[in-house]
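# Fold and geometry: a report
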Amino acid sequence: MSDYAVEFDNVTKQFGDNVLFEQFNFNIRKNEVVSIIGPSGSGKSTLLRILMTLEGIDAGMVRVQGESLWHMQKGGAWLPADERHLRKCRGHMGMVFQHFNLFPHMTVLRNITEAPIHVLGQSKEEARANGLELLRTVGLADKADAYPSQLSGGQKQRVGIARALAMRPSILLLDEITSALDPELVDEVLEVIRKLAAEDAYTMILVTHEMYFAREISDRVCFFDAGAIVEEGPPEQIFNQPKHERTRAFLNSFLNI
Amino acid sequence: MPLNEIFSVLAEGALVTIQLVAMALPLATAMAFISGLLRLSEHRALRWLAAIYVEFFRGTSALIQLYWIYFVLPFFGISIDAITAGVVALGLNIGAYGSEVVRGGLLSVDRGQTEAAIALNFSPRQRLWRIIMPQALVGMMPPFGNLAIELVKATSLVSLITIADLTYRAKSLADMTLQVEEIFGLVLVFYFVMAQVLTLAIRALEKHLGKGMDRGGLA
């Protein structure tokens with residue numbers, strides 16, 4: 001069994017003629033908290049989207065909890081993964097989106113219980129009890145019967161986190177989850193993530209522009225540029241003594257706002 | 001002829017019109033959803049099949065479609081009664097327009113909804129029916145309302161294949177009594193009331209389906 005929760009082996013990803021990743025290698029250990037920073041268009045979000053099976057790959061192999069994601073073995077041959085295989089792999093992961101993507105036609109509680117009931121086969125009572133517990137964890141127990149349209153951005157994102165957690169993933173993919181929030185609402189969301197990271201029960205991959213938060217929470221910070229990891233290491237190293245000029249330039253652009 | 005007698009003759013015709021609508025509307029709805037979904041299918045053959053249906057029934061006259069089904073098909077050994085012919089012609093015709101409403105409605109739902117549904121590991125079928133369709137339906141309602149009214153009015157075509165609907169009765173009553181003002185005035189009212197009832201019903205449905213959803217608007 002692999003020590004890694006996530007492995008990218010020589011992955012190539014293109015959008016048309018535009019090559020984003022070429023022979024890309026990247027591993028994440030179980031229960032590691034990794035922040036990915038970098039300019040837009042550097043492939044940060046695409047990395048998460050490949051893992052969540054929202055984007056395919058053109059070459060190489062991606063493994064999730066030791067299992068090949070985009071390929072399946074059948075009679076000794078590797079075939080492209082079918083929907084069934086993908087569904088098996090997706091079960092390891094939960095994703096929180098920049099724009100929340102809550103289901104607007106469902107109440108908050110139903111947003112959280114719908115997948116556990118219809119995908120995991122939980123009973124309605126069980127899913128409801130878990131859902132309410134999760135809402136309590138994210139501080140929204142009183143919003144169970146509200147619709148997403150009645151919530152603030154920060155509240156919506158906390159529901160988004162609860163919804164992902166309800167599927168009991170071992171890997172959490174957080175895609176710029178505070179980028180669409182008003183500054184005063186960022187903290188309430190980060191506080192939830194802080195607690196989750198402290199539990200040490202999840203492998204977490206954060207794509208973020210919150211440098212102070214990345215520094216505080218991460219085991220490892222990776223600076224991405226143009227589809228490659230320019231520099232990676234413990235947060236102290238990346239933020240205090242970046243080795244690469246590009247990392248320094250990027251971090252400076254943040255500090256000089 | 002006194003007005004109350006004219007009214008009761010026309011009311012009988014209106015009943016036939018309502019029956020036609022009641023039968024053609026489910027057929028049109030079914031055709032709209034089936035062909036609208038097929039147009040978004042992964043399989044090219046199915047997409048084509050649906051496109052041919054839609055383009056044929058939108059692109060030719062509803063009256064000629066009705067004549068074909070009622071007068072021409074018997075030459076090929078397919079004889080159906082006038083009511084069925086009317087229901088089939090109207091249902092297929094309006095269904096073809098509805099197909100585009102369904103397709104457009106599904107495409108208008110934000111891509112992020114599908115992505116969230118994939119991330120929560122819903123099956124493709126669950127994504128469609130639990131996440132995408134309920135949201136798409138809300139936006140489909142206003143154009144569906146238009147089509148339902150079109151259907152009510154298009155039923156008057158069946159008077160030309162001997163069905164004694166509202167228009168047919170009005171025409172024959174007018175020929176007989178020459179009281180054209182009263183008769184055709186009342187007919188307008190009948191059609192208008194039927195259309196209004198449908199409009200209100202569809203509005204109510206739109207409101208119900210859109211519960212909780214924060215939709216766009218001007219204010």
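Residues numbered from 1 in each chain as written. Chains lettered and ligands numbered in written order. Predicted model: local features only at pLDDT ≥ 70, side-chain atom pairs only at ≥ 80, totals over all residues. Heavy atoms only, no water.

As recorded in an unreviewed UniProt entry, chain B goes by the name Ectoine/hydroxyectoine ABC transporter permease subunit EhuC, listed as coming from Marinobacterium nitratireducens. Quoted verbatim from the Sequence similarities (unreviewed entry) heading of the UniProt record, the comment on chain B is "Belongs to the binding-protein-dependent transport system permease family. HisMQ subfamily." (UniProt positions renumbered as here; feature names shortened; annotations may be inferred.)

For chain A, the name recorded in an unreviewed UniProt entry is Amino-acid ABC transporter ATP-binding protein y4tH, with Marinobacterium nitratireducens as its organism. One UniProt comment on chain A, placed under Sequence similarities (unreviewed entry), says "Belongs to the ABC transporter superfamily." Listed in UniProt under the heading Subcellular location (unreviewed entry), the comment for chain A reads: "Cell inner membrane".

Our next topic: the overall build of chain B. For chain B, the count of helices and strands is 8 helices and 0 strands. Sequence-distant contacts in chain B: of pairs separated by 6 or more residues, those separated by 24 or more amount to 75%. Of the accessible surface of chain B, which amounts to about 11500 Å², a share of 67% is contributed by carbon and sulfur atoms. Treating the 16 positive side-chain charges of chain B as one cloud and the 15 negative ones as another, the clouds have centres 13 Å apart. (Helix = DSSP H or I, 4+ residues; strand = E, 2+ residues; numbered from the N terminus. Contact = heavy atoms within 4.5 Å. Areas by Shrake-Rupley, 256 points an atom, 1.4 Å probe, with all protein chains shown as cover. Lys, Arg positive; Asp, Glu negative; His and termini not counted. Charge placed at Lys NZ, Arg CZ, Asp CG, Glu CD.)

Counting its secondary structure elements, chain A contains 9 helices and 12 strands. The C-alpha radius of gyration computed for chain A amounts to 19 Å, which stays within 12% of the reference 18 Å derived for 257 residues, consistent with globular compactness. Overall, the C-alpha framework of chain A stretches about 55 × 50 × 35 Å when taken along its three principal axes. Here chain A, with 257 residues, has 54% of them falling under the buried criterion. Restricting to contacts in chain A with at least 6 residues of sequence separation, those with at least 24 account for 63%. Element-wise, carbon and sulfur atoms account for 46% of the exposed surface of chain A, whose accessible area totals about 11300 Å². Here chain A contributes 27 positive and 34 negative side-chain charges, whose respective centroids are spaced 5 Å apart. (Rg over C-alpha atoms; globule rule 2.2 N^0.38 Å. Buried < 20%, exposed > 50% of the residue type's maximum accessible area, 1.4 Å probe, protein only.)

Residues and elements named next belong to chain A. Strand order in the open sheet formed by 4 strands is β2-β1-β4-β5, and the pairing between neighbours is antiparallel. Looking along the sheet, the strands with just one partner apiece sit at the ends: β2 (18-29) and β5 (67-68). Where strand β4 (residues 59-64) and β5 come together, 2 bridges link them in antiparallel fashion. In the sheet register, R63 faces β5, and the bridge partner there is S68. (Pairing = 2+ DSSP bridges.)

Okay, the nonpolar core next. Counting 94 residues, the largest nonpolar core has F8, F26, L51, V62 and L173 of chain A together with L10 and M140 of chain B as its most contacted members. Looking at this core, the element that brings in the most residues is helix α6 (residues 124-154) of chain B, giving 13 residues. Setting aside residues no more than four positions away along its own chain, F8 of chain A makes contact with F24, N25, F26, N27, L47, I50, L51, M61 and V62 of chain A. L134, A146, I193 and L196 of chain A belong to the second largest nonpolar core, which has 37 residues in total. (Core = buried A, V, L, I, M, F, W, Y, C linked by side-chain atoms within 4.5 Å.)

All names here are of chain A. If you trace the 6 strands from one edge of the open sheet to the other, you get β8-β9-β10-β3-β11-β12, paired in mixed fashion. Of all the strands in the sheet, the pair left with one neighbour each is β8 (93-96) and β12 (228-233). Geometrically, the sheet is characterised by an average inter-axis angle of 20° between neighbouring strands, direction not taken into account. The pairing of strand β3 (residues 33-37) with strand β10 (residues 203-207) spans 4 bridges and is parallel. For V33, the partnering residue across the bridge sits in β10 and is M204. (Axes fitted to C-alpha atoms, helices over the stretch in contact; angles between N-to-C directions.)

Attention now goes to the pairing of strand β1 (residues 4-15) of chain A. All names here are of chain A. Both β1 and β2 contribute to a ladder of 8 bridges, which runs antiparallel. Within β2, the position partnered with E7 by the bridge is N27. The antiparallel pairing of β1 with β2 creates a hairpin that spans 2 residues between the two strands, and G16 there sits at a positive phi of about 65°. Taken together, the 5 bridges between β1 and β4 define a ladder with antiparallel strand orientation. Across the sheet, the residue bridging to E7 is R63, located in β4.

Many structure descriptions define interface size as the accessible area lost when the parts assemble. At the interface, 25 residues of chain A touch 23 residues of chain B. When the two sides are added together, the surface that chain A and chain B hide from each other amounts to roughly 2200 Å², 58% of it contributed by carbon and sulfur. Where chain A meets chain B, there are 3 salt bridges. Between R127 of chain B and E83 of chain A there is a salt bridge, with its nearest N and O atoms 2.8 Å apart. Applying the counting criterion to the chain A and chain B interface returns 10 residue pairs in polar contact (both at pLDDT 80 or more). Among the residues making up the side of chain A that touches chain B, the classes are represented as 13 nonpolar, 6 polar and 6 charged. (Buried area = accessible area lost by both parts, 1.4 Å probe. Salt bridge = Lys/Arg side-chain N within 4 Å of Asp/Glu carboxyl O. Polar contact = N/O pair within 3.5 Å; in protein donor to acceptor, adjacent residues only side chain to side chain. Nonpolar A, V, L, I, M, F, W, Y, C, P; charged D, E, K, R; others polar.)

Residue and element names in this part refer to chain A. With respect to the helices, strands and loops of the structure, A180 is situated in the loop between β9 (171-175) and α6 (183-199). We classify A180 as partly exposed; its relative accessible area is 36%. Along the chain, A180 and Q98 lie 82 residues apart, while their C-alpha atoms are 6.2 Å from each other.

Turning next to the packing of helix α1 (residues 3-38) of chain B against helix α7 (residues 166-177) of chain B. All names here are of chain B. At a minimum axis distance of 7 Å, the contact between α1 and α7 shows a crossing angle of 150°. Considered as vectors, α1 and α7 are oriented roughly antiparallel to each other. Contacts between α1 and α7 involve I6, V9, L10, E12, G13, A14, V16 and T17 from the former and L166, R169, A170 and L173 from the latter. Split into classes, the residues belonging to the contact of α1 with α7 amount to 8 nonpolar, 2 polar and 2 charged. (Parallel < 35°, antiparallel > 145°, perpendicular 65-115°, else oblique.)

All right, on to the pattern of salt bridges then. According to the stated counting rule, one finds 26 salt bridges over all chains in the structure shown. Here R63 of chain A ties to D9 of chain A by a salt bridge, and the two come within 2.4 Å at their closest N and O atoms. Separated by 54 residues along the polypeptide, R63 of chain A in strand β4 and D9 of chain A in strand β1 bring together distant segments of the chain. A salt bridge links E12 of chain B to R169 of chain B; the shortest N-O distance between them is 2.9 Å. Note that E12 of chain B is positioned in helix α1 and R169 of chain B in helix α7, a separation of 157 residues in sequence. On the basis of relative accessible area, E12 of chain B is assigned to the partly exposed category, the value being 46%. Where salt bridges share partners, they join K13, R49 and E55 of chain A together with R111 and E115 of chain B into one cluster.

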